[in-house]
Amino acid sequence: MDAKQMLHMNQGQGETSYVQNSNMQSAEQNRMKPLIEAAIVHVCSNASTLSHGKMVIADLGCSSGPNAVALVSIALEATHRHFLQLRQPPPEVCILLNDLPYNDFNTVVKDLVQLRQIKEPIVVTGVVPGSFYERLFPSGSLHLVCSSNSLNWLSKAPEDLRINQIPAYDIDEYVRRERLPVVAGAYARQFRKDFTVFLELRAKELAPEGMMVVSVPGRRCDELINEISHIWGMIAQILAIMALEGVIDKAKFESFYMPIYGPSQRELREIIQEEGSFSITEMRVHDLNSGMDSTFLTPNRVANGMRAVLEPIINQHFGSSGEVMDEFVRTAEKHLSGQGSSYVNQTESPIVWFALSLAKA
Ligand SMILES: C[S@@+](CC[C@H](N)C(=O)[O-])C[C@H]1O[C@@H](n2cnc3c(N)ncnc32)[C@H](O)[C@@H]1O
């Protein structure tokens, strides 16, 4: 099944919602601020881009809640500040938020209404449901594209693993290690394909001199040393414990392929260079939790954060319910308090964020 048919974060505003459990992603959005501000200055300094006095800013993979409008709000404020300094009237701004069709757009539109209250610059808003691995906007229409914590989601899990019945995570440690290059290679190829398509499409949709600022979670080291060095490793370890304890079906676990991948810095650079539409203005590597309040980093908070992202996709595959996800949180909490604690440890975590500023070449 394609990711677009099933993927969304936990909806609404309740205890298990993405809105209530996305502090880690929100912290990364804050770290993207200087890149977005610099991109706005670049875009706004280009006479041809702004010749019509209008600017279009899009966030791709917005989800819902405060994070959905966080990046575009930073861009709006930066635009306002820039023109205030120049003592010139700001351009009219169109803000477009994209996500997959099952996203909680009901919550998103309420937050967009707030943005429209801003009087300077004039802001019009809209939502654009659809996959960012397909065309979403007219050619040459965008000035700034932002995206946070979304490009790690693939358009689909690698089909060759499923066809050859190779589990993404073998419970048998020896088999798992033997197959690591095959599994990781299949995921890496799918990411390469998807990210290349993403760059090609956005290059068509951006105006000349347009910019993209994206942040994607990935892995600290280039090599895949073991299964925990890829982003799916931590989730798989938790589900494997649940399969061994009989909470979820073992056969179903072995046929579960999460469409998620964490690239390395080298992979990102290579793909961007090979695709050729963008040059890298800046690439920052952020520790997973740097600058975050430690109250958000308890095993319980992290486990609930994982639930908010993974519950819909896990429930769809396992046909499970809220109780299974309560057990997922308990298992994750235990795992993160012990063996898996390096994931949330700031300097040791194998997972980092890559924040990139890309200019149309
Ligand atoms: C973890 S959330 C990130 C949300 C928000 N940008 C943030 O930083 O908190 C990832 C979002 O990407 C969306 N997403 C994943 N694949 C997508 C695709 N192909 N097209 C559009 N959105 C996608 C998911 O539905 C989800 O809402």
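Our structure's up above, just so we're on the same page.
Here the structure is a predicted model, which means the values were calculated and not measured.

The rules behind the values
- Note on numbering: residues in each chain are counted from 1, in written sequence order.
- With the structure being a predicted model, the display of local features is reserved for residues of pLDDT at least 70 and the display and counting of side-chain atom pairs for 80 or more, all residues being used for whole-chain, interface and lining totals.
- Calculation of side-chain values draws on the structure's entire complement of heavy atoms; hydrogens and water are dropped beforehand.
- For this analysis, a salt bridge means a side-chain nitrogen from Lys or Arg found within 4 Å of a carboxyl oxygen belonging to Asp or Glu.
- Secondary structure counts use DSSP, requiring at least four H or I residues in a row for a helix and at least two E residues in a row for a strand, with both numbered from the N terminus.
- Between buried and exposed lies partly exposed: a residue is buried under 20% and exposed over 50% of the maximum accessible area for its type, with that area taken using a 1.4 Å probe on protein chains only.
- For this purpose, a residue is taken to be near a molecule or strand whenever a single non-hydrogen atom of the residue falls within 4 Å of it.
- Here a polar contact is recorded for every N or O atom pair within 3.5 Å, except that within protein the pair must consist of a potential hydrogen donor and a potential acceptor, and residues adjacent in sequence are included only if both atoms are side-chain atoms.
- Using the Shrake-Rupley algorithm and a 1.4 Å probe, accessible areas are obtained, with residue cover drawn only from the displayed protein chains.
- Note on geometry: axes are C-alpha line fits, over the in-contact stretch for helices, and angles between N-to-C directions span 0 to 180 degrees.
- Reported orientations rely on four angle classes, namely roughly parallel under 35 degrees, roughly antiparallel over 145, roughly perpendicular from 65 to 115, and oblique for the rest.
- What makes a crossing left-handed is the near helix being turned counterclockwise from the far one by less than a right angle; a clockwise turn instead makes it right-handed.
- Contacts: residue pairs with any heavy atoms within 4.5 Å of one another.
- The residue classification treats Ala, Val, Leu, Ile, Met, Phe, Trp, Tyr, Cys and Pro as nonpolar and Asp, Glu, Lys and Arg as charged. All others, Gly included, are polar.
- Only when DSSP finds a minimum of two bridges between them are two strands counted as paired.
- Seen with its strands pointing away from the viewer, a crossover is right-handed if its path from the first strand over the helix to the second goes clockwise.
- Each residue after the first adds 1.5 Å to the expected span of a helix.
- One axis is fitted to the seven residues ending at the residue and one to the seven starting there. The bend at that residue is the angle between these axes.

### Topic: the pattern of salt bridges
- Following the criterion strictly, the structure yields 19 salt bridges and no others.
- The salt bridge involving E205 is made with R135; its shortest N-O contact spans 3.1 Å. With a gap of 70 residues between them, E205 in helix 7 (residues 173-205) and R135 in the loop between strand 3 (123-129) and strand 4 (142-148) connect regions that are remote in the sequence.
- On the basis of relative accessible area, R135 is assigned to the partly exposed category, the value being 38%.
- The residue R179 makes a salt bridge to D170 at a minimum N-O spacing of 3.0 Å.
- By relative accessible area, D170 is classed as buried at 12%.

### Thoughts on the site of the ligand
- The ligand sits among 20 residues. The nearest are Y18, N67, D99, S148 and N149.
- In the environment of the ligand, an oxygen atom lies 2.5 Å from a nitrogen or oxygen atom belonging to the side chain of N149.
- Protein coverage of the free-state accessible area of the ligand, which is 590 Å², stands at 98%.
- Elements with a contribution of two residues or more to the shell around the ligand: helix 2 (23-31) and strand 2 (92-99).

### Section: the packing of helix 4 (residues 66-86) against helix 5 (residues 105-116)
- Where helix 4 meets helix 5, the closest approach of the two axes is 9 Å, and the angle between their N-to-C directions is 25°. The pairing of helix 4 with helix 5 is recorded here as roughly parallel in orientation. The element helix 4 and its partner helix 5 pack so that their crossing is right-handed. Contact with helix 4, carried on its side by P66, A68, V69, V72, S73 and L76, involves V108, D111, L112 and L115 of helix 5 and no other residues of that element.
- Per-class residue counts for the contact of helix 4 with helix 5 are eight nonpolar, one polar and one charged.

### Topic: the pairing of strand 1 (residues 54-60)
- Burial of strand 1 is extensive: six of the seven residues sit out of reach of the surface.
- Across seven bridges, the pairing between strand 1 and strand 2 is parallel. The residue bridging V56 from the neighbouring strand is C94, located in strand 2.
- Regarding the hand of the β-α-β motif, the stretch spanning strand 1, helix 4 and strand 2 is right-handed.
- Across three bridges, strand 1 lies against strand 4 in parallel orientation. The partner of I57 across the bridge, within strand 4, is L144.

### Quick notes on the environment of A355
- Checked against the element boundaries, A355 lands in strand 7 (residues 351-360).
- Sequence spacing of A355 and T331 is 24 residues, and the spatial spacing of their C-alpha atoms is 31 Å.
- The residues touching A355, leaving out its near neighbours within four places in the chain, are E28, M32, L35, V214, S215, E282, M283, R284 and H286.

### Concerning helix 7
- The end-to-end C-alpha distance of helix 7, which contains 33 residues, comes to 45 Å, matching closely the 48 Å that a straight helix rising 1.5 Å per residue would cover.
- Maximal helix bending in helix 7 amounts to about 55°, located at R179; proline P181 follows within four positions.
- A distance of 2.9 Å separates the backbone nitrogen of Y174 from a side-chain oxygen at the start of helix 7, and that oxygen is part of D172.

### What about the sheet that holds strand 5 (residues 206-219)?
- Strand order across the open sheet formed by seven strands is 3-2-1-4-5-7-6, with mixed pairing between neighbours. The open sheet has two edge strands, strand 3 and strand 6 (278-287), and neither has a second partner. Between one strand axis and the next, the sheet turns through 15° on average, direction left out of account.
- Bridge count between strand 5 and strand 7: nine bridges; the pairing is antiparallel. In the sheet register, P217 faces strand 7, and the bridge partner there is W353.

### Structural notes on unusual backbone geometry
- With phi around 55°, R87 is a residue other than glycine that occupies positive phi space.
- In this structure, R87 sits in the loop between helix 4 and strand 2.
- For R87, a relative accessible area of 78% puts it in the exposed group.
- In this model, E209 sits at a positive phi of 75°, which is unusual for a non-glycine residue.

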